[in-house]
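Observations on the model geometry
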Amino acid sequence: MDEVVEWADAELARRGAARTGPVDEVRARPWSTTWRIPTELGGMWIKTCGAGGRYEAGLHALLSVATPELVLQPTAVDAIRGRLLLPDGGPPLTESL
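Residues numbered from 1 in each chain as written. Predicted model: local features only at pLDDT ≥ 70, side-chain atom pairs only at ≥ 80, totals over all residues. Heavy atoms only, no water.

Observations concerning the side chain of T39
For clarity, the cut-off: The helix count covers DSSP runs of H or I at least four residues long, the strand count covers runs of E at least two residues long, and both are numbered beginning at the N terminus. Buried residues are those whose accessible area, probed at 1.4 Å on protein chains only, stays under 20% of the maximum for their type, while exposed residues exceed 50% and partly exposed ones sit between those limits. Nitrogen and oxygen atoms within 3.5 Å of one another constitute a polar contact, given that in protein one can donate a hydrogen and the other can accept it, and given that sequence-neighbouring residues count only through two side-chain atoms. Here a residue-residue contact requires only that any non-hydrogen atoms of the pair lie within 4.5 Å.
Mapped onto the fold, T39 is located in strand β2 (residues 32–39). Judged by its relative accessible area of 7%, T39 falls in the buried class. At 2.9 Å, the side chain of T39 and the backbone nitrogen of L41 are in polar contact. There is a polar contact of 2.7 Å between the side chain of T39 and the backbone oxygen of G42. Apart from residues no more than four positions distant in its own chain, T39 is found in contact with L12, A18, R19, T20 and M44.

This is the structure:
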């Protein structure tokens, strides 16, 4: 987790922002882990994908260009390591059903 949070902190710093509180792990699955991160830009999410799903980060970046009205615009993407830093997009789908 520390390496992922350091990556997110560095990406925030590149944008002139910083984390404003502790990072909370929200979901850990064998294929991905998500954390909630409070920042000066508002609440954000870090997602890191396992080896079999690392393509997701690059795919998300591509979809955010191809269909920006349908996909959250990532704040940062590390396609090689399968990491995304995303703005808060509202309640998770599982909470909305």
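Side note on the environment of I80
Counting through the fold element by element, I80 comes out in the loop between β4 (76–78) and β5 (83–87). Here the alpha-carbon distance between I80 and A57, two residues 23 residues apart in the chain, equals 8.3 Å.

Remarks on the layout of surface pockets
We apply this condition: Cavity and pocket criteria rest on a 1 Å grid covering protein atoms alone: a 1.4 Å probe that fits but cannot get out defines a cavity, protein on both sides within 12 Å along at least 5 of 7 lines defines an open pocket, and an atom within 4 Å of a point defines a lining residue. Grid points are joined across faces, edges and corners, and a volume is the space filled by probe spheres set on the points. All residues other than Ala, Val, Leu, Ile, Met, Phe, Trp, Tyr, Cys, Pro, Asp, Glu, Lys and Arg, Gly among them, are scored as polar; the first ten of these are nonpolar and the last four charged.
When its volume is computed, the largest pocket comes out at roughly 680 Å³. For the largest pocket, the lining is made up of 22 residues, of which R27, T34, W45, K47 and P92 are closest to its centre. Contributions of two or more residues to the lining of the largest pocket are made by β1 (24–28), β2, β3 (42–49), α2 (55–66), β5 and α3 (93–96). The class makeup of the residues in the lining of the largest pocket is ten nonpolar, six polar and six charged.

Points about the pattern of salt bridges
Put simply, the test is: In what follows, salt bridge is the name for a side-chain nitrogen of Lys or Arg lying within 4 Å of a carboxyl oxygen of Asp or Glu.
The full count for this structure, using the stated rule, is seven salt bridges. Measuring nitrogen to oxygen at the nearest pair gives 2.7 Å for the salt bridge that ties R19 to D9. Within this pair, whereas R19 is found in the loop between α1 (2–14) and β1, its partner D9 is found in helix α1, the two being separated by ten residues in sequence. Measuring nitrogen to oxygen at the nearest pair gives 2.7 Å for the salt bridge that ties K47 to E56. Residues joined by salt bridges that share partners form a network here, namely E11, R14 and R15.

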